[in-house]
Amino acid sequence: MRIGILTKHRSGNWGSALQSWATWKLWSNAFKDSSVELMDCMSMQAFRYANRKRCGKTSKTSRKFDFNRKLELCHDFLKRRCQWSTRSLISDDLRLTKQFIEQGDYDVISVGSDTVFQLGPNVTGAYISAVAAPNLFFLPFQSCAKKVAFAASCNPYRGPQELSGKMQTVRQALEDFAAISVRDQATLDMLRDCGLNADQIHYLPDPALLVDLNPLLHRHPWRSPLPTADALISVGKGSLAKSITKQLQQRGLQTINLLSGQTREHRLKLGKTIHRLEDVLQLHRQARWVITDRFHSAIMKISLSGNQLIGIEISERYPNKNSKLRDVFNRLGIADQLMTTDTHASDDAAAAAIALQLNTLCNRPGNALHAELSTLRRHGEQTIKQLSQAIHSSS
């Protein structure tokens, strides 16, 4: 059997690279006698969005260099660890996508994980995964290959109004799937609002939660030692990251800013030690605390060393308070460690609240979340078995 994985793999994003590898790993483990490969097929819109920092006119030269290097490291990680298709395609033309699949002679097309079922633009007006739905990730065309959604997400979902004018075409495309699994409640709500049969939809935790990340942590002794810190800050909004850093340093905590709020000197110093995604995982493991608004940053910390983290949900992006970060925090029983803020709020006030919450959590005993993670992983194993059965039963 030939299985092709259609996901968001060509991105300078540590989380996208990790979930792409984890998805490939799970399929490879479930179908050991099959050929499983990442399909090097991507929407032109998604490619432009993922690489916007690489060539954006407003980006500073040093940041362009940082992003180019990160893009190369993510690509290198997947090339080293996954099997890829021999052909490539970057296009929004569905006819070319269909032709690409047919020429690959795939028996199964797995769509996901990640935000592959995005219905419309995000809060900034950008399409992240592809052009407006139904796009290539919905596979809205006839194919001999069986279609499966694997831990797919539409994040964010703002309610039935997002389906206006596209409900019928989205439903028709997804009804052709042999099985559908989603990684969060918001996507489940969207599919139900579309009118899909609830029995066809399964919950599947994010693939990065279902695989053992520890084997990725091996680091050659000749590499420069990684910096250590009490708190790893992985926050996209630079001004908020700076305020959090200031608050924590005033409390005597050593910090590392992984994404933003860095000086050029800080970026250069950190860049000399981070040579691959494995180093990013190690930073998450050894930091006592992680403060993040990034979904996969939280996943890394949870998978590697437990519940010592604070999540941040931006209210403008999730007016219904249904973010994928909130979903996984709820499922793991750590909902009180998710804080909500908005882009118009004072960064200093938000940072002070986060620091106060950190003080509160420091008085709690650490928890590796073994029971909660085991429950999710058992659920994931069961869902993968159901997907496998659906594939075979539709033969």
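Student: Would you mind showing me how to read the overall build of the protein here?
Tutor: Looking only at helices and strands, one finds 15 helices and twelve strands in the protein. Going through the 395 residues of the protein one by one, you find that 56% of them count as buried. Within the structure as shown, the protein displays about 17,100 Å² of accessible surface, and the carbon and sulfur contribution to it stands at 49%.

Student: Quick question: what am I supposed to make of unusual backbone geometry here?
Tutor: A negative phi angle is the norm for most residues apart from glycine, just as the trans form is the norm for most peptide bonds. Following Gly112, the chain continues into Ser113 via a peptide bond in cis, with omega recorded as 5 degrees. Note that Ser113 resides in the loop between strand S4 (108–111) and strand S5 (146–152). With an omega dihedral of 0 degrees, the bond running from Asn155 to Pro156 counts as a cis peptide bond. With respect to the helices and strands, Pro156 occurs in the loop between S5 and helix H6 (167–174). Positive phi outside glycine occurs at Asp105, with the angle close to 55 degrees. Look at Asp105 and you get exposed, because its relative accessible area is 54%. Unlike most non-glycine residues, Asp114 shows phi in positive territory, near 90 degrees. Judged by relative accessible area, Asp114 falls into the buried class, the value being 5%.

Student: Any chance you could explain the sheet that holds strand S11 (residues 309–314) here in plain terms?
Tutor: Strand pairing within a sheet occurs via backbone hydrogen bonds; the two strands may be parallel or antiparallel. With parallel pairing, five strands are arranged side by side in an open sheet as S9-S8-S10-S11-S12. The open sheet is flanked by strand S9 (255–257) and strand S12 (338–341), the only strands paired with a single partner. This sheet shows a mean twist of 15 degrees between the axes of neighbouring strands, independent of strand direction. Of the pairings in the sheet, the one linking strand S8 (residues 231–234) to strand S10 (residues 289–292) comprises four bridges and is parallel in character. Bridged to Ser234 within S10 is Thr292. Packed on one face of the sheet, helix H12 (residues 295–305) meets S8, S10 and S11 and runs near 160 degrees to S10.

Student: Mind showing me how you'd approach helix H15 (residues 370–393) here?
Tutor: Residues spaced three or four apart along an α-helix face the same direction, because each turn holds 3.6 residues. Compared with an ideal rise of 1.5 Å per residue, which puts 24 residues at 34 Å, H15 spans 34 Å between its outermost C-alpha atoms and is within 8% of the ideal. Within H15, the full set of buried residues consists of Leu373, Leu376, Gly380, Thr383, Ile384, Leu387, Ser388, Ala390 and Ile391.

Student: Help me out: how do you make sense of the sheet that holds strand S6 (residues 179–182) in this one?
Tutor: The strand order across the open sheet built from seven strands is S3-S2-S1-S4-S5-S6-S7, with neighbouring strands paired in parallel fashion. If you trace the sheet from one side to the other, it starts and ends with strand S3 (84–90) and strand S7 (201–203), each paired once. In this sheet, neighbouring strand axes are inclined to one another by 25 degrees on average, regardless of whether the strands run parallel or antiparallel. Pairing analysis gives four bridges linking strand S2 (residues 35–42) to S3, with the strands arranged parallel. Counted as the bridge partner of Leu38 is Trp84 from S3. Together, strand S1 (2–6), S2, S3 and S4 form the strand contacts of helix H5 (residues 94–104), whose direction differs from that of S3 by roughly 165 degrees. In the packing of H15 onto the sheet, contacts are made with S4, S5, S6 and S7, and the angle to S7 comes to roughly 150 degrees.

Student: Would you mind going over H5 with me for this structure?
Tutor: All buried positions along H5 are accounted for by Thr97, Phe100, Ile101 and Gly104. Down the axis of H5, the smallest arc covering the buried residues is 95 degrees, so these residues share one side. Taken together, the buried residues of H5 touch S1, S2, S3 and S4. At the N-terminal end of H5, a side-chain oxygen is found 2.9 Å from the backbone nitrogen of Arg95, two or three residues along, and the residue is Asp93. Of the residues one or two after H5, Asp105 is the one with positive phi, at around 55 degrees.

Student: What is the right way to look at the nonpolar core in this model?
Tutor: In a soluble, globular protein the nonpolar side chains are often hidden away together inside. Membership of the largest hydrophobic core comes to 65 residues, with the highest contact counts inside it found for Leu18, Trp21, Trp27 and Leu281. Examining the composition of this core, we find that eight residues originate from one element, helix H1 (residues 14–30), more than from any other. The residues contacting Trp27, other than those within four sequence positions of it, are Ile3, Ile5, Val36, Val108, Ser110, Val148, Phe150 and Ile391. Counting residues in each nonpolar core, the second largest holds 38 residues, with Leu139, Ala149, Ile180 and Cys194 among its members.

Student: Could you clarify how one ought to interpret the pairing of S12 in this entry?
Tutor: Looking down a regular strand, the side chains alternate between one sheet face and the other. As defined by bridge partners, S11 adjoins S12 across four bridges and the pair is classed as parallel. For Ile314, the partnering residue across the bridge sits in S12 and is Thr341. What joins S11 to S12 is helix H13 (residues 324–331), and the crossover it makes is right-handed.

Student: What's the story with the environment of Ala179 in this structure? I'm lost.
Tutor: Mapped onto the secondary structure, Ala179 falls in strand S6. Classification of Ala179 as buried rests on a relative accessible area of 2%. In this structure, the C-alpha to C-alpha distance between Ala179 and Ile391, residues 212 residues apart in sequence, is 7.5 Å.

Student: What should I look at first to understand the side chain of Asn155 in this one?
Tutor: Mapped onto the elements of the fold, Asn155 is located in the loop between S5 and H6. A polar side-chain atom of Asn155 sits 2.9 Å from a polar atom in the side chain of Tyr318. In terms of polar contacts, Asn155 uses its side chain to reach the backbone amide nitrogen of Lys324, at 3.4 Å. Apart from residues lying up to four places away in sequence, Asn155 is in contact with Thr115, Thr187, Tyr318, Ser323 and Lys324.

Calculation criteria
Residues numbered from 1 in each chain as written. Predicted model: local features only at pLDDT ≥ 70, side-chain atom pairs only at ≥ 80, totals over all residues. Heavy atoms only, no water. Helix = DSSP H or I, 4+ residues; strand = E, 2+ residues; numbered from the N terminus. Buried < 20%, exposed > 50% of the residue type's maximum accessible area, 1.4 Å probe, protein only. Areas by Shrake-Rupley, 256 points an atom, 1.4 Å probe, with all protein chains shown as cover. Pairing = 2+ DSSP bridges. Axes fitted to C-alpha atoms, helices over the stretch in contact; angles between N-to-C directions. Contact = heavy atoms within 4.5 Å. Expected span 1.5 Å × (residues − 1). Arc of directions from axis to C-beta. Polar contact = N/O pair within 3.5 Å; in protein donor to acceptor, adjacent residues only side chain to side chain. Core = buried A, V, L, I, M, F, W, Y, C linked by side-chain atoms within 4.5 Å. Right-handed = clockwise from strand over helix to strand, strands pointing away.

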